Amino acid sequence: MRRLCLLLIALASIAPASAETLITSLSNHRVLINSNYTGTSIAVFGAIERDAQTIARATSYDVVVTVRGPRQLLTVREKQKVGPVWVNQEQQKFPLAPAYLSVLTSKPIDEITSVQLRQRQKIGLAAIINAPDFTYERGGGADREFREALYRLKAQEGLYLEDERGVTFLTPDIFRASIPLPATAPPGEYDVQVVLFADTVILASTVTHFELVKTGFEEQVGAVARDWSLAYGLATAAMAIFFGWLASVIFRRD
Amino acid sequence: MPVSVLLILGMGAAVGFISGLFGIGGGFLMTPLLIFLGIPPAVAVATQSAQIVASSTTSVLGALRRNALDHKLGAMLVAGGLIGSALGVWFFAAVRRAGQLDLVIVVSYVTLFTVVGSLMLKESIREFWTKRRGGTLRLRRQAGEHASYLRWPLRMRFYRSKLYVSVIPILLLSLFIGFAGAVLGIGGGFIVVPALLYIFRVPTNVVVGTSQFQIFCTTLVALILHAVMNQAVDMVLAILLIIGGVFGAQFGARMGRNLRAELFRFLLAILLLAVGLRFALELVIEPQEPFSLTAQERRQ
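Residues numbered from 1 in each chain as written. Chains lettered and ligands numbered in written order. Predicted model: local features only at pLDDT ≥ 70, side-chain atom pairs only at ≥ 80, totals over all residues. Heavy atoms only, no water.

## Quick look at the overall build of chain B
And then number 1: Counting its regular elements, chain B contains 10 helices and three strands.
And then number 2: Secondary structure of chain B in N-to-C order comes out as α-α-α-α-α-β-β-α-α-α-α-α-β.
And then number 3: For chain B, buried positions account for 49% of its 300 residues.
And then number 4: Per element, the accessible surface of chain B, about 14,400 Å² overall, is 67% carbon and sulfur. (Helix = DSSP H or I, 4+ residues; strand = E, 2+ residues; numbered from the N terminus. Buried < 20%, exposed > 50% of the residue type's maximum accessible area, 1.4 Å probe, protein only. Areas by Shrake-Rupley, 256 points an atom, 1.4 Å probe, with all protein chains shown as cover.)

## Regarding the overall build of chain A
And then number 1: Along the backbone of chain A there are seven helices and 12 strands.
And then number 2: Burial status across chain A gives 44% buried among its 254 residues.
And then number 3: Carbon and sulfur atoms form 58% of the exposed surface of chain A, whose accessible area is close to 13,500 Å².

## So, the pattern of salt bridges
Residues and elements named next belong to chain A.
And then number 1: Applying the stated criterion to the full structure yields seven salt bridges over all chains.
And then number 2: Residue Arg30 pairs with Glu211 through a salt bridge whose shortest N-O separation is 3.6 Å. One end of the pair, Arg30, is in strand β2 (residues 30-34); the other, Glu211, is in strand β12 (residues 201-215), with 181 residues separating them in the sequence.
And then number 3: Of the charged contacts, one joins Arg144 and Glu148 as a salt bridge, the two residues approaching to 3.6 Å between their closest N and O atoms. Within this pair, Arg144 and its partner Glu148 are both found in helix α5 (residues 144-156), separated by four residues, close to a single helical turn. (Salt bridge = Lys/Arg side-chain N within 4 Å of Asp/Glu carboxyl O.)

## Some thoughts on the interface of chain A and chain B
And then number 1: Taken residue by residue, the interface counts 51 residues in chain A and 52 residues in chain B.
And then number 2: Between chain A and chain B, a total of about 4,500 Å² is buried, with carbon and sulfur atoms accounting for 63% of that surface.
And then number 3: The interface formed by chain A and chain B includes one salt bridge.
And then number 4: A salt bridge links Glu289 of chain B to Arg152 of chain A; its shortest N-O distance comes to 2.9 Å. (Contact = heavy atoms within 4.5 Å. Buried area = accessible area lost by both parts, 1.4 Å probe.)

## With respect to the sheet that holds strand β9 (residues 167-171) of chain A
Residue and element names in this part refer to chain A.
And then number 1: With antiparallel pairing, the four strands of this open sheet are ordered in space as β1-β3-β10-β9. Here the strands that pair on one side only, and so sit at the sheet edges, are β1 (20-26) and β9. Adjacent strand axes in the sheet meet at a mean angle of 25°, parallel and antiparallel pairs treated alike.
And then number 2: In this structure, β9 lies alongside strand β10 (residues 174-182), joined through four bridges in antiparallel fashion. Across the sheet, Val167 pairs through a bridge with Ala177, a residue of β10. (Pairing = 2+ DSSP bridges. Axes fitted to C-alpha atoms, helices over the stretch in contact; angles between N-to-C directions.)

## Thoughts on helix α4 (residues 71-97) of chain B
And then number 1: With 27 residues, α4 of chain B should reach 39 Å at 1.5 Å per residue; the first-to-last C-alpha distance of 38 Å fits that figure.
And then number 2: After α4 of chain B finishes, the residue Gly99 of chain B shows a positive phi value of roughly 80°. (Expected span 1.5 Å × (residues − 1).)

## Points about a nonpolar patch on the surface
And then number 1: Where nonpolar side chains cluster on the molecular surface, the patch consists of Leu230 and Leu234 of chain A together with Ile83, Leu87, Trp90, Val228 and Met229 of chain B and spans about 670 Å² of accessible area.
And then number 2: Within the residue set of the nonpolar patch, elements represented by two or more residues are α7 (229-250) of chain A together with α4 and α8 (204-230) of chain B.
And then number 3: Here Trp90 of chain B shows up in helix α4. (Patch = residues over 30% accessible without salt bridge, like charges linked within 9 Å, V, L, I, M, F, W, Y side chains within 5 Å.)

## Focus on the packing of helix α7 (residues 189-199) of chain B against α8 of chain B
Helix-helix packing is characterised by the crossing angle of the two axes and by the distance between the axes.
All names here are of chain B.
And then number 1: Two numbers describe how α7 lies on α8: the axes approach to 9 Å, and their chain directions differ by 140°. Between α7 and α8, the angle falls in the class oblique. Classified by chirality, the crossing of α8 by α7 is right-handed. Counted together, Gly189, Val192, Val193, Leu196 and Leu197 of α7 and Thr204, Val207, Ser211, Gln214 and Ile215 of α8 form the full contact between these two elements. (Parallel < 35°, antiparallel > 145°, perpendicular 65-115°, else oblique. Left-handed = near helix turned anticlockwise from the far one by under 90°.)

## Comments concerning the confidence of the model for chain B
Residue and element names in this part refer to chain B.
And then number 1: When pLDDT is averaged along chain B, the result is 79, and 88% of the positions lie at 70 or above.
And then number 2: Mean pLDDT across the secondary structure elements of chain B bottoms out at strand β1 (residues 155-158), with 74, and peaks at α4, with 88.
And then number 3: Scored below 50 in pLDDT, residues 139-143 makes seven contacts in the model with residues more than four places away or belonging to other chains.
And then number 4: Here the complex is predicted with pTM 0.69, and the ipTM for its interfaces comes to 0.77. (pLDDT = per-residue confidence, 0-100.)

## Some points on the confidence of the model for chain A
And then number 1: Taken residue by residue, chain A gives an average pLDDT of 84. The fraction at 70 or more is 90%.
And then number 2: Here helix α1 (residues 2-14) of chain A stands out as the least confident element of chain A, with mean pLDDT 51; strand β7 (residues 101-105) of chain A is the most confident, with 94.

## Thoughts on the pairing of β2 of chain A
All names here are of chain A.
And then number 1: Here β2 shows a buried face lined by Val31 and Ile33 and an unburied face lined by Arg30, Leu32 and Asn34.
And then number 2: Direction of pairing for β2 relative to β12: parallel, over a ladder of five bridges. The residue of β12 that forms the bridge with Arg30 is Glu211.

## Quick look at the sheet that holds β2 of chain A
All names here are of chain A.
And then number 1: The six strands are arranged β2-β12-β11-β4-β7-β8 in an open sheet whose pairing can be described as mixed. The sheet is open, and its two borders are formed by β2 and β8 (160-163), each paired with just one other strand. Strand-to-strand, the axes of this sheet are offset by a mean angle of 20°, without reference to chain direction.
And then number 2: In this structure, strand β4 (residues 61-68) lies alongside β7, joined through five bridges in antiparallel fashion. Bridge pairing in β7 links Val65 to Leu104.

## Some points on the packing of α7 of chain A against helix α3 (residues 41-65) of chain B
And then number 1: The N-to-C vectors of α7 of chain A and α3 of chain B enclose an angle of 45°; their axes lie 7 Å apart at closest approach. One element, α7 of chain A, and the other, α3 of chain B, form an angle in the oblique class. Remark: the crossing between α7 of chain A and α3 of chain B carries right-handed chirality. In contact with Thr236, Ala237, Ala240, Ile241, Gly244, Trp245, Ala247 and Ser248 of chain A of α7 of chain A, α3 of chain B contributes Ala50, Val53, Ala54, Thr57, Thr58, Leu61 and Arg65 of chain B.

Here it is as structure tokens:
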């Protein structure tokens, strides 16, 4: 009997965490980007459902949407002065870095939750990039400037971004976010992680996926160059010979 | 890559014009220009080789028609050139993996342009002064006088070129040209032609045809190897370069017949030195962003 009581108390203490259910949906599960075009965007919609027993919270909900593109092996190199010239010296590899990374939040991320939780759960751009397993660590924090350089270079291309007003609540329980995808975003599988917070605590989270597909002539040529490299090389050579022959016919002097 | 189509076509035509004017391939001018435009050196080098294939096809076909080609000498040059090309593409891939490709290309260009540019400048100034004084240019060597390396073992007779020389220096020369061509995206005509003329003293009428034959074969192989090993060939860019280059070269060649050779050799020397200097500056000036990023696809 006492054991049952304890069990009931334990169940009751878990109950608030499952009181809210998060339902999310993407506007599209397949995004087409034309490689000449300026890019596109995809919308995430979400609704928060509370079961009948749970009372309304005093504070409002907060949402963090994290989008991760296909993984890449990234190498960051640093030029240093050797004698009179600048030469690539140190390098740092990021074995599983997402090619695209964006974090959209409903308000500044440091107001949503604590630093400890962000670091543990990898919430927010800084926490993801500075995570110990993001790259091989070096002694004395020497990897830090490489992480910063990675973020800076990726941000310049519009591939890593954080938007603290990226998620808008339409009603207290329904929100939407627009994920910007630049034309340079690589094709592949993208994960969309939506995390619901209230009062600095994680209430629920969902993960959905979409596929980014590139269209357009240049992209098709690029795909052929990667997947059929020998045929591509032979075709380019044949084309060059053809043009050379054509010129010798057109401009024949004798 | 967001680079203007018209700009590439225009550059191709301008470089083609210059190459037609001076009777050189033009790869050594086009590749640096592409790099200055912001095209990655790897892509510039690999793609320019397609343009060299096209222009050398035109030259070889012309030479065949005029019977201005030494097949045997050409075959020897090709043999050395192919080995050099394969080594060059392999070296290119290895250096690229190590992250030093840009440095190697830039340093090689600085060296090559400074050396060739100053040699040409010296030559053209000397020529200019001798003509001024009304003297005639003396021949560099008297008949019957041969450099010792031409008498190395494995001598071979080349009837068409009226040559009886060791094949070793010929193979070494073509090996070097093939290697440099693959790494730098140049045909190497501006090195082979003077070398054949002055070192081996091949008759003028077969020099250009033979060297173009060698350039055609080695660059063709380099192009295909670059496509397979480095995947750095951009077909769209190649077409633009070829169209611009082919037509520009024809007009350049027509114009070149009415111009004074020594003046233009002088201008070309200045041009080479200027491009070399531009590259040297790139090495010495502190970069705004010392960090660079390269990505490798993770393919499942």
